[in-house]
Amino acid sequence: MFWNPKYALLMATSTVVTFLSGILIEKLKYRRTVVAFSFIINLAILVFFKYFDFLLQNINILLSVFNIKLVEKPLDIILPVGISFYTFQALSYTIDVYRGEIKSEKNIIKYALFVSFFPQLVAGPIERSKNLLIQVENLDKVKRFDYDRMTEGLLLMLFGYFQKMVIADRAAILVDTVFNSYYEYNSMALILAAVFFSIQIYCDFGSYSLIAIGTAKVMGINLMENFNTPYFARGIKEFWGRWHISLSTWFRDYLYIPLGGNRCSKLRKSFNILVTFLVSGLWHGANFTFIAWGAIHGICHIIEEQLKPIKEKYLNKFNIRTNVFSFIILEIIITFIIVDLAWIFFRAETIYDALLYIKRIFTRIDLWTLFDGTLYNLGLNIFEMNILIIALFILISIDLIKYIRKESIFEFLSKQNLYFRWFVMLFLIFYIIVYGKYGAGFDPKQFIYFQF
């Protein structure tokens, strides 16, 4: 992943191609040809920069089996930052115009602003033309100063920095320590690192989304929500309705539904689900670990769908109440365990590493390390661990408010007394300044999703 001004040409190419495609779709008879042309150009750029070396390496492995001379060596191509995000955003515009859901944009400056809107350019949310482009067209009507809007935007940004600097980058220290030498650790350290990685990636990616949404809101633009308390999901299907919402809905609308969606046989529906998750995994990176991660979610989603009638039958038969705390928390824990195991594939270097990591969890039991202080030797001492635990308590409290009351943190705070609102905001600022991971001697972590 790399940021280079020269790579702006790639974004400019994508912008011009999709802009012209939108106009030509409305003017020409051969609309599908125009859409295909737009897709070929954009996906060719994406495939070359993101997947070329991966494809070449695997072709070489395949050819070597048949003792055939290897093709050219990998080019060590550097991935331009944000290419997956703005490419998908531009392609969704082409499809929306083709479907007649929006009119083509005639002003290339406004269209370029839609593709390159900087707050969410490099890591999303992947915006839809129906939402963002229309707001760009009406920017001149946006009130320059709106106290509530700006306060909400700044609060979202503040909470985003809290998630990134206090939680994600602190959890990353323990995660990196264990994952980089997982073969030296036993079950408790491996479980703790896996759980911390699920927290790290949520807070890392969620923080970027919050900062992007907050920055845009200050400027008068409303971006779509990207996370909605995903770890409170009661199943894999629900998890994907709460995690990286802009990407999961993109794949739903522009891949799953065109494949046939739910309007087909059960077997074909399962196929559509699996293909969608495999492509989603591949979108995250040119590595079989991401494909495996997508496959795990796809298979679990299919199993969940197939078992749903059986599950309901037995729940009714044994008169088990499903709307009570004990049942809800059970479903949440089971879903979290499945998601967490899948994250191991996402984080590991290879599938072999992920399998060995999981194997050691179940074969190297060392429960006593929960009590002998060993877990404080994984990069976070007892003080750092306590800072993280307090921060997680704050995070969970805010997510619980959102989950139970269906309110954002801003909506909740805006109903409270003034002194409480200021206390919360000053407390977050204090926590970030005093306990945030930054400054001399600290290696700041890039946002994980910058590599996608």
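Residues numbered from 1 in each chain as written. Predicted model: local features only at pLDDT ≥ 70, side-chain atom pairs only at ≥ 80, totals over all residues. Heavy atoms only, no water.

Caption draft 1: Inspection of the overall build of the protein chain at higher detail. If you tally the helices and strands in the protein chain, you get 16 helices and zero strands. Compactness check: the protein chain gives a C-alpha radius of gyration of 23 Å against a globular reference of 22 Å for 452 residues, within 12% of the reference. Across the 452 residues that make up the protein chain, the buried fraction comes to 51%. A sequence separation of at least 24 residues applies to 75% of the contacts in the protein chain between residues at least 6 apart. Averaging the coordinates of the 45 positive side-chain charges in the protein chain and doing the same for the 34 negative ones gives two points 7 Å apart. (Helix = DSSP H or I, 4+ residues; strand = E, 2+ residues; numbered from the N terminus. Rg over C-alpha atoms; globule rule 2.2 N^0.38 Å. Buried < 20%, exposed > 50% of the residue type's maximum accessible area, 1.4 Å probe, protein only. Contact = heavy atoms within 4.5 Å. Lys, Arg positive; Asp, Glu negative; His and termini not counted. Charge placed at Lys NZ, Arg CZ, Asp CG, Glu CD.)

Caption draft 2: The pattern of salt bridges, seen in detail. Counted by the stated rule, this structure contains 17 salt bridges. The residue D253 makes a salt bridge to R128 at a minimum N-O spacing of 3.0 Å. Highlighted residues: D253 in helix 9 (residues 245-259) and R128 in the loop between helix 4 (108-115) and helix 5 (129-137), separated in sequence by 125 residues. R128 carries the same exposure label as D253, and that label is buried. (Salt bridge = Lys/Arg side-chain N within 4 Å of Asp/Glu carboxyl O.)

Caption draft 3: Layout of the packing of helix 7 (residues 187-218) against helix 13 (residues 351-363). Contact geometry of helix 7 with helix 13 gives a least axis separation of 8 Å together with a crossing angle of 130°. By the angle between their directions, the pair helix 7 and helix 13 is classed as oblique. Where helix 7 crosses over helix 13, the handedness of that crossing is left-handed. On helix 13, the residues that touch S187, L190, I191, A193 and A194 of helix 7 are Y357, R360 and I361. Partitioning the contact of helix 7 with helix 13 into residue classes produces six nonpolar, one polar and one charged. (Axes fitted to C-alpha atoms, helices over the stretch in contact; angles between N-to-C directions. Parallel < 35°, antiparallel > 145°, perpendicular 65-115°, else oblique. Left-handed = near helix turned anticlockwise from the far one by under 90°. Nonpolar A, V, L, I, M, F, W, Y, C, P; charged D, E, K, R; others polar.)

Caption draft 4: Inspection of unusual backbone geometry at higher detail. The residue T229 is not glycine, and still its phi comes out positive at about 40°. Assignment of secondary structure puts T229 in the loop between helix 7 and helix 8 (236-240). Residue class for T229 comes out buried when judged on its relative accessible area of 2%. Of note in this structure, H244 is not a glycine but carries a positive phi near 40°. Along the chain, H244 turns up in the loop between helix 8 and helix 9. Judged by relative accessible area, H244 falls into the buried class, the value being 1%.

Caption draft 5: Focus on helix 7. In this model helix 7 runs 46 Å from its N-terminal to its C-terminal C-alpha over 32 residues, within 8% of the 46 Å that 1.5 Å per residue would give. Two residues or fewer after helix 7 comes G220, characterised by a positive phi angle close to 95°. (Expected span 1.5 Å × (residues − 1).)

Caption draft 6: Quick peek at the packing of aromatic side chains. Inspection of every chain in the model, using the stated rule, returns 45 aromatic pairs. Each ring, one from Y231 and one from W243, has its centre 6.1 Å from the other, and the planes form 35°; the classification is tilted. Here W243 lies in the loop between helix 8 and helix 9 and Y231 lies in the loop between helix 7 and helix 8, a separation of 12 residues in the sequence. Among the residues examined, Y231 registers a relative accessible area of 16% and is labelled buried. A relative accessible area of 1% means that W243 is categorised as buried. (Phe/Tyr/Trp six-rings, centres within 6.5 Å; stacked < 30°, edge-to-face > 60°.)

Caption draft 7: Summary view of the confidence of the model for the protein chain. Taken as a whole, the protein chain shows an average pLDDT of 88; of its residues, 94% reach a score of 70 or greater. Taken element by element, the protein chain is modelled with least confidence in helix 15 (residues 409-414), mean pLDDT 84, and with most confidence in helix 12 (residues 325-347), mean pLDDT 95. (pLDDT = per-residue confidence, 0-100.)

Caption draft 8: Structural view of the side chain of Q89. Within the secondary structure layout, Q89 lies in helix 3 (residues 83-98). By relative accessible area, which is 2% here, Q89 ends up buried. Not counting chain neighbours up to four residues away, the residues in contact with Q89 comprise F114, V115, Q120, P125, I126, E127 and L132.

Caption draft 9: Looking closely at helix 4. Turning to helix 4, its buried residues are Y111, F114 and V115. Axial view of helix 4: buried residues confined to an arc of 95°, hence all on one face. For helix 4, the elements touching its buried residues are helix 1 (8-27), helix 3 and helix 5. Measuring from the backbone nitrogen of I109 back to the side-chain oxygen at the start of helix 4 gives 2.9 Å, which picks out N107 as the cap. (Arc of directions from axis to C-beta. Polar contact = N/O pair within 3.5 Å; in protein donor to acceptor, adjacent residues only side chain to side chain.)

Caption draft 10: Up close: the packing of helix 3 against helix 4. As a packed pair, helix 3 and helix 4 sit with axes 9 Å apart at the nearest point and diverge in direction by 130°. By the angle between their directions, the pair helix 3 and helix 4 is classed as oblique. Along the contact surface, helix 3 presents Y86, Q89, A90 and Y93, while helix 4 presents Y111, F114 and V115. Across the contact of helix 3 with helix 4, the residue classes tally to six nonpolar, one polar and no charged.

Caption draft 11: Region of interest: the nonpolar core. In terms of nonpolar packing, the biggest core is built from 116 residues, with F162, I167, L174, F196, W243, W343 and Y357 touching the most fellow members. In terms of residue count, helix 7 provides more of this core than any other element does, 16 residues in total. F196 has contacts with A171, L174, V175, L380, M385 and L388, leaving out every residue within four places of it along the chain. (Core = buried A, V, L, I, M, F, W, Y, C linked by side-chain atoms within 4.5 Å.)

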